[in-house]
Amino acid sequence: MMTLKVNGQDHQIDAEPDTPLLYVLRDDLKLNAAKYGCGLGQCGSCTVIVDGKAVLSCVTPVLLLEGKQVTTLEGLGTVAAPSPIQRAFMEEQAAQCGYCIAGMMMRAQALLQRNSKPTDEQIRAELEPNLCRCGTHMRILRAVHRAAQLMDTAELSPAGQRSAQ
Amino acid sequence: MKKKSGIIGSVVVALLLGGAGMAFAIAWRPAIAAIDPPKPQSFDASLVRRGRELAALGNCNDCHTVRGAKNFAGGLPVPTPFGTIYSSNITPDAETGIGRWSEAAFLRAMRLGVDRQGRHLYPTFPYDHFTNVSDDDDRALYAFLMTREPVHAPPRDNQLAFPLNQRVVVAGWKFLFLRPGAYKPDPTRSAEWNRGAYLVEGLAHCGACHTPRNALGAEKLNAMFAGGDVDHWRAYPINAQSPAPVPWNADALYAYLRDGFHSDHGTARGPMAEVVRNLSAVPGSDVRAIATYMADVFGAPSAEQKQRGEAALAQVKSAPAATTVDSPAGSIYVAACAGCHESGRPPPYGGINLALSTAISGSDPRNLANIVLAGVRPVEGERSPIMPGFAASMSDTQVAALLTYLRARFSKQPAWTDLGNIVAEARRTQTASMETPADARNASAASTERAKP
């Protein structure tokens with residue numbers, strides 16, 4: 001038994017220490033946003049965020065997550081209240097089949113958390129480990145830029161109000 | 001008495017003058033007249049093509065190009081125990097490159113390590129090897145470089161303390177360590193062996209990384225190819241002391257150098273990645289010659305080495321599926337490594353069985369730490385291996401535990417020591433660009449790195 005903290009909630013997990021995080025997320029916690037693609041850490045569709053960094057959950061045994069915070073796409077927003085990255089991907093229609101998109105969004109989210117205004121080149125370099133076979137790369141790039149803008153305005157507006165008071 | 005001291009005095013003066021004269025003769029090199037940059041059309045196309053292949057054999061682009069900048073425009077910081085030296089602009093730009101260098105000036109730089117103006121070049125430019133290159137090959141290299149796009153990129157100032165920042169000091173280094181002159185073939189050896197020796201000891205300058213250096217930064221002639229250091233990586237011993245589990249032979253070397261991987265040895269990454277990328281674009285006969293010569297340098301495997309190789313290959317064949325998990329590090333191996341490294345798929349798409357890994361059987365754990373943390377990134381336009389890095393999911397302690405486990409399970413060598421510091425240092429150097437905090441990732445940071453991973 002170990003405690004796994006996912007999207008702010010503690011879960012008691014009964015799994016072998018070498019079980020990949022992806023299996024626990026999907027099979028035990030029924031969090032299905034992270035996808036099984038290659039199972040070898042080569043496609044990126046299983047990407048989640050661990051302590052602020054993008055991690056490939058299919059090659060991450062749960063024993064490495066003791067005391068760490070796991071965030072999956074479900075932890076960012078809901079259908080009713082999507083997070084900026086989710087809104088941006090929808091507004092740019094960045095998904096075609098959509099299989100890679102959850103992983104794309106998680107890696108982009110991790111990038112935007114440490115670099116709020118990435119250049120095109122930085123986004124390309126960051127998303128390199130995540131593959132998309134439909135070919136919506138240009139839309140994904142636009143979506144990440146749009147998410148950066150959305151986060152920017154979301155952060156600025158309360159501050160603007162404060163300074164106005 | 002007076003007469004005697006007079007004699008001593010004149011002897012001292014004569015010695016001083018003689019010494020000064022000798023020092024002058026050793027140190028002073030005249031400038032060679034500047035020329036107007038020759039027009040690209042003035043060079044014979046077949047000579048330029050030959051020069052392109054030679055430049056690839058010499059790996060010139062690797063040190064003379066930085067990521068995100070133009071080819072051959074220089075500016076790469078090369079850290080040395082003596083300070084940081086920046087590579088120069090070898091495009092034919094008239095002001096900042098070698099546009100005003102005549103062919104004679106270029107030949108002198110290759111043979112003697114002196115620039116057009118007569119200044120001594122630091123031996124980070126490996127003229128201790130390039131002195132072996134023939135005049136004909138130097139002419140082809142000159143034709144190739146002078147037909148590249150001229151790039152205006154002023155040289156960066158070296159960071160060297162006095163007296164090393166005085167280029168005249170280099171004259172003393174050359175007096176001790178540079179043996180000028182083109183390669184002399186060994187008539188008792190085959191033409192292929194001699195071709196390989198000419199390339200390895202000359203233009204390809206393999207020893208610059210693979211031979212250890214003495215306190216003055218010169219290659220130790222009594223330890224040729226015994227292993228060296230480059231950019232926080234270990235350049236493995238490539239002589240009889242090779243730690244490779246399966247002994248190298250000419251065929252394996254040829255395939256590895258040509259394709260960048262071999263199923264008994266794995267893939268060439270780290271600073272070797274650019275070398276094999278370049279060697280994929282040169283005549284196969286030259287790679288074959290290098291392999292022939294280097295197989296001789298490795299020597300025939302000893303009985304013990306042969307046995308070690310057979311044992312490693314047997315371990316691969318009989319390896320049980322990774323189900324026995326006896327420790328946290330073993331669990332990490334099963335979940336993070338075995339999926340590729342026990343897949344049985346050949347490289348570059350599958351990882352080699354780690355019983356064959358020189359990174360694990362070698363004495364220096366840095367290469368393994370680098371790869372585990374940073375992974376292997378795909379290279380644009382290449383059939384290159386990829387591996388995810390684990391810097392984001394494993395702590396230094398966990399990486400160290402994994403390395404200890406791999407060493408114990410896959411080699412017969414004694415456990416590594418000081419892994420905590422080594423892993424921390426690997427994280428610092430290998431993942432700098434991944435770990436950069438908010439907004440600090442910019443072009444100027446990238447421009448201090450080599451063009452390719």
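All values reported here derive from a predicted model rather than from experimental measurement.

1. A short note on the overall build of chain B
Right, on to step 1. If you tally the helices and strands in chain B, you get 20 helices and seven strands.
Right, on to step 2. For 453 residues, the compact-globule formula gives about 22 Å, and the C-alpha radius of gyration of chain B, at 25 Å, lands near that figure.
Right, on to step 3. Dimensions of chain B along its principal axes, counting C-alpha atoms only, are 90 × 65 × 55 Å.
Right, on to step 4. Taken across its 453 residues, chain B has 43% of its residues classed as buried.

2. As for the domain arrangement of chain B
Right, on to step 1. Here the domain parsing of chain B yields domain 1 (40–177), domain 2 (191–303) and domain 3 (319–446).
Right, on to step 2. Centre-to-centre, using C-alpha coordinates, domain 1 of chain B lies 35 Å away from domain 3 of chain B.

3. Comments concerning the sheet that holds strand β3 (residues 159–160) of chain B
Residue and element names in this part refer to chain B.
Right, on to step 1. Read across the sheet, three strands follow the order β1-β2-β3 without closing on themselves; strand pairing throughout is antiparallel. Looking along the sheet, the strands with just one partner apiece sit at the ends: β1 (77–80) and β3.
Right, on to step 2. In the sheet, strand β2 (residues 83–86) pairs with β3 via two bridges, with the strands oriented antiparallel. Looking at the pairing, Gly83 lines up with Leu160 of β3.

4. Some thoughts on helix α11 (residues 272–279) of chain B
Residue and element names in this part refer to chain B.
Right, on to step 1. Among the eight residues of α11, seven are classified as buried, and the element is accordingly described as predominantly covered.
Right, on to step 2. Among all positions in α11, only Met272, Ala273, Glu274, Val276, Arg277, Asn278 and Leu279 are buried.
Right, on to step 3. Here the buried face of α11 lies against α2 (45–57), α3 (60–64), α10 (250–259) and α12 (284–298).

5. Examining the sheet that holds strand β3 (residues 47–50) of chain A
Residue and element names in this part refer to chain A.
Right, on to step 1. Here we have five strands laid out as an open sheet, ordered β2-β1-β5-β3-β4, and mixed in their pairing. In this open sheet, the two strands that pair with only one neighbour each are β2 (9–13) and β4 (53–56). Each strand of the sheet is rotated relative to its neighbour by a mean of 40 degrees, with strand direction disregarded.
Right, on to step 2. Lying over the sheet, helix α3 (residues 101–114) contacts β3 and β4, oriented at roughly 30 degrees with respect to β3.

6. A few points about the interface of chain A and chain B
It is common to give the size of an interface as the accessible area that goes away when the parts come together.
Right, on to step 1. Every contact between the two is made by 24 residues of chain A and, on the other side, 20 residues of chain B.
Right, on to step 2. Grouping the amino acids of the side of chain A that touches chain B by side-chain chemistry returns twelve nonpolar, seven polar and five charged.

7. What about the pairing of β2(A)?
All names here are of chain A.
Right, on to step 1. Across the five residues of β2, zero count as buried, placing the element largely on the outside.
Right, on to step 2. As paired strands, strand β1 (residues 2–6) and β2 are joined by five bridges and run antiparallel to one another. Note that in β2 the partner of Thr3 across the bridge is Gln12.
Right, on to step 3. Here β1 hands over to β2 after two residues, with Asn7 in that stretch at a positive phi of 50 degrees.

8. Some points on unusual backbone geometry
Right, on to step 1. Residue B:Pro163 is reached from B:Phe162 by a cis peptide bond, and omega for that bond is 5 degrees.
Right, on to step 2. Positionally, B:Pro163 belongs in the loop between β3 and α7 (168–177).
Right, on to step 3. Here B:Pro347 and B:Pro348 are connected by a cis peptide whose omega angle stands at 10 degrees.
Right, on to step 4. Here B:Pro348 is to be found in the loop between α14 (328–341) and α15 (358–361).
Right, on to step 5. Positive phi values are uncommon outside glycine, yet A:Lys30 reaches one of about 55 degrees.
Right, on to step 6. With respect to the secondary-structure elements, A:Lys30 resides in the loop between α1 (21–28) and β3.
Right, on to step 7. The backbone phi angle of B:Asp231 is positive, close to 50 degrees, even though this residue is not glycine.
Right, on to step 8. Looking at the secondary structure, you find B:Asp231 in the loop between β4 (228–230) and β5 (233–235).

9. Re the environment of A:Ser83
Residues and elements named next belong to chain A.
Right, on to step 1. On the secondary structure map, Ser83 appears in the loop between β5 (69–71) and α2 (84–91).
Right, on to step 2. For Ser83, a count of 19 C-beta atoms within 10 Å translates into the label partly exposed.
Right, on to step 3. The spacing of Ser83 and Met151 is 68 residues in sequence and 9.0 Å in space, taken between C-alpha atoms.

Rules and cut-offs
- Residues numbered from 1 in each chain as written.
- Chains lettered and ligands numbered in written order.
- Predicted model: local features only at pLDDT ≥ 70, side-chain atom pairs only at ≥ 80, totals over all residues.
- Helix = DSSP H or I, 4+ residues; strand = E, 2+ residues; numbered from the N terminus.
- Rg over C-alpha atoms; globule rule 2.2 N^0.38 Å.
- Buried ≥ 20, exposed ≤ 12 C-beta atoms within 10 Å, placed from the backbone.
- Domains from an automatic or database assignment.
- Pairing = 2+ DSSP bridges.
- Contact = placed C-beta atoms within 7 Å.
- Axes fitted to C-alpha atoms, helices over the stretch in contact; angles between N-to-C directions.
- Nonpolar A, V, L, I, M, F, W, Y, C, P; charged D, E, K, R; others polar.

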